[in-house]
Amino acid sequence: MKKQKERKTIQQWLLIGISMLFFVVMLVFPLIEVLYRSLKEGFEIYINAITAQNTLSALRVTLIAAVVAVAVSTFFGLCASWLLTKFEFRGKQALSTLIDIPFSISPVIAGLAYIMTFGRMGWALPFVEWVNDLFGTDISLVFSVPGVVLATIFVTLPFVSRELIPVMQAQGTAEEEAAAMMGAKGFTIFRRVTFPHIRWGLLYGIILCAARAFGEFGAVYAVSKARGKTFTLPLEIDALYMAGSADSITQAFAVSSLLVLLAVVLLILKQLVEYRGKREQ
């Protein structure tokens, strides 16, 4: 019995050691290297890099795309989760499968699909032009900020719903049905009965959605071609690094540090949400 206990302890510490080694080598060291290289040439050069016009433009586009994508994905996720868990209808399984399409399709393909739909040869271009003529606007859905937003929405769409569906399924429908029998309306039922059970899952899904939006590259790359206008931070980092000069590579690491800092903030928020959720349970 004692030997068996010792063997389990050894196995436990061995697994912990392997996990920590993998974590340090694959995650911690690369992030430290990014921060080191971003500050290697001095703090002044670092500040100049992150305050450059192209960097600020990329940060602005990234924030716009992330905020809009999170808002749309949150609204869609709430509606889809409510529909799939609280109602029975034909095509329910098909809808659940369609929600997972962004997980299974390469983001680059999604970007190309938007180009073929709304681009110069796209079948939806006449409708876009009709809307522009009607309202006197000049909206373009490819190679523009709206195109970047659409691509970001595509890749982030399933995150909120996939976090909420298991929570709502575990909750069941008994409490909502009881509230409805007592005369409560739809929004009141959601606000007073459903939301308290799903709020931490909702926040967790929003954080994951934001993290995905900040780091998206493939789909955005396909619909964004103008540096300083429609580039996001990942695209600006790629452009700086591919320039090949020592200064541009240093600038690429400096801009990368912004994404690292955003990732750290989101990670802290994620841990806080998990802690609060477990504490309430």
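For the structure, see preceding data.
Residues numbered from 1 in each chain as written. Predicted model: local features only at pLDDT ≥ 70, side-chain atom pairs only at ≥ 80, totals over all residues. Heavy atoms only, no water.

## As for empty space enclosed by the protein
Put simply, the rule is: The rule is simple: put a 1 Å grid over the protein atoms alone, call a set of points where a 1.4 Å probe fits but cannot get out a cavity, call an open set with protein on both sides within 12 Å along at least five of seven lines a pocket, and count a residue as lining if it has an atom within 4 Å of a point. Grid points are joined across faces, edges and corners, and a volume is the space filled by probe spheres set on the points. Secondary structure follows DSSP: runs of H or I at least 4 residues long count as helices, runs of E at least 2 residues long count as strands, and numbering of each begins at the N terminus. Ten residue types, Ala, Val, Leu, Ile, Met, Phe, Trp, Tyr, Cys and Pro, are classed as nonpolar, four, Asp, Glu, Lys and Arg, as charged, and the remainder, Gly among them, as polar.
As enumerated under the stated definition, the model contains one cavity of 30 Å³ or more in all. Of the pockets and cavities examined, the largest cavity occupies roughly 40 Å³. Forming the walls of the largest cavity are Thr62, Ala65, Thr152, Ala213, Phe214, Glu216, Thr232 and Pro234. Looking at the lining of the largest cavity, the elements with two or more residues in it are α3 (53-86) and α11 (186-215). Among the residues forming the lining of the largest cavity, the class breakdown is four nonpolar, three polar and one charged.

## Structural notes on the packing of aromatic side chains
The criterion, for reference: For this analysis, a ring pair means two rings from Phe, Tyr or Trp (six-membered ring only for Trp) whose centres lie within 6.5 Å, classed as stacked if their planes differ by under 30 degrees, edge-to-face if by over 60, and tilted for the remaining angles. In this scheme, a residue with accessible area under 20% of its type's maximum is buried, one over 50% is exposed, and one in between is partly exposed, where area comes from a 1.4 Å probe on protein chains only.
In this structure the tally under the stated criterion is eight aromatic pairs. For the ring pair Phe103 and Phe159, a centre distance of 5.4 Å and an interplane angle of 85° mean the geometry is edge-to-face. One end of the pair, Phe103, is in helix α5 (residues 101-104); the other, Phe159, is in helix α9 (residues 158-171), with 56 residues separating them in the sequence. You can call Phe103 partly exposed: its relative accessible area is 46%. Through successive ring pairs, a cluster of aromatic residues spans Trp82, Phe190 and Phe195.

## Some details on the layout of surface pockets
Considered as a void within the structure, the largest pocket measures approximately 550 Å³ in volume. Along the walls of the largest pocket sit 18 residues, with Leu259, Val260, Ala263, Val264 and Leu267 positioned nearest its centre. Class assignment for the residues of the lining of the largest pocket results in 16 nonpolar, one polar and one charged.

## Some details on the packing of α3 against helix α8 (residues 145-156)
The cut-off we apply is this: Axes here refer to lines fitted to C-alpha atoms; in helices the fit is confined to the stretch in contact. Angles between the N-to-C directions go from 0 to 180 degrees. We call two directions roughly parallel when the angle between them is under 35 degrees, roughly antiparallel when it is over 145, roughly perpendicular when it lies between 65 and 115, and oblique otherwise. Crossing handedness is defined as follows: a turn of the near helix away from the far one that is anticlockwise and smaller than a right angle gives a left-handed crossing, while the clockwise case is right-handed. Contact criterion: two residues are considered in contact whenever any of their non-hydrogen atoms come within 4.5 Å of each other.
α8 packs onto α3 with a crossing angle of 45° between their chain directions and a minimal axis gap of 8 Å. Our classification of the angle between α3 and α8 gives oblique. α3 and α8 meet at a crossing whose hand is right-handed. Here α3 contributes Val61, Ile64, Ala65, Val68, Ala69, Val72 and Ser73 to the contact with α8, which in turn contributes Val145, Val148, Val149, Thr152, Ile153 and Thr156. For the contact of α3 with α8, a count of residues per class yields ten nonpolar, three polar and no charged.

## A closer look at the nonpolar core
Nonpolar side chains in soluble globular proteins tend to end up buried together. We count it as follows: Among buried residues, those of type Ala, Val, Leu, Ile, Met, Phe, Trp, Tyr and Cys that are joined through side-chain atoms within 4.5 Å constitute a nonpolar core.
Leu78, Leu164 and Ile198 are the most contacted members of the largest nonpolar core, which has 19 residues in total. Looking at this core, the elements with two or more residues in it are α3, α9, α11 and α14 (246-280). Ranked by the residues each element gives to this core, the list is headed by α11, at ten residues. Setting aside chain neighbours within four positions, we find Ile198 in contact with Leu78, Leu164, Val167, Met168, Gln171 and Phe190.

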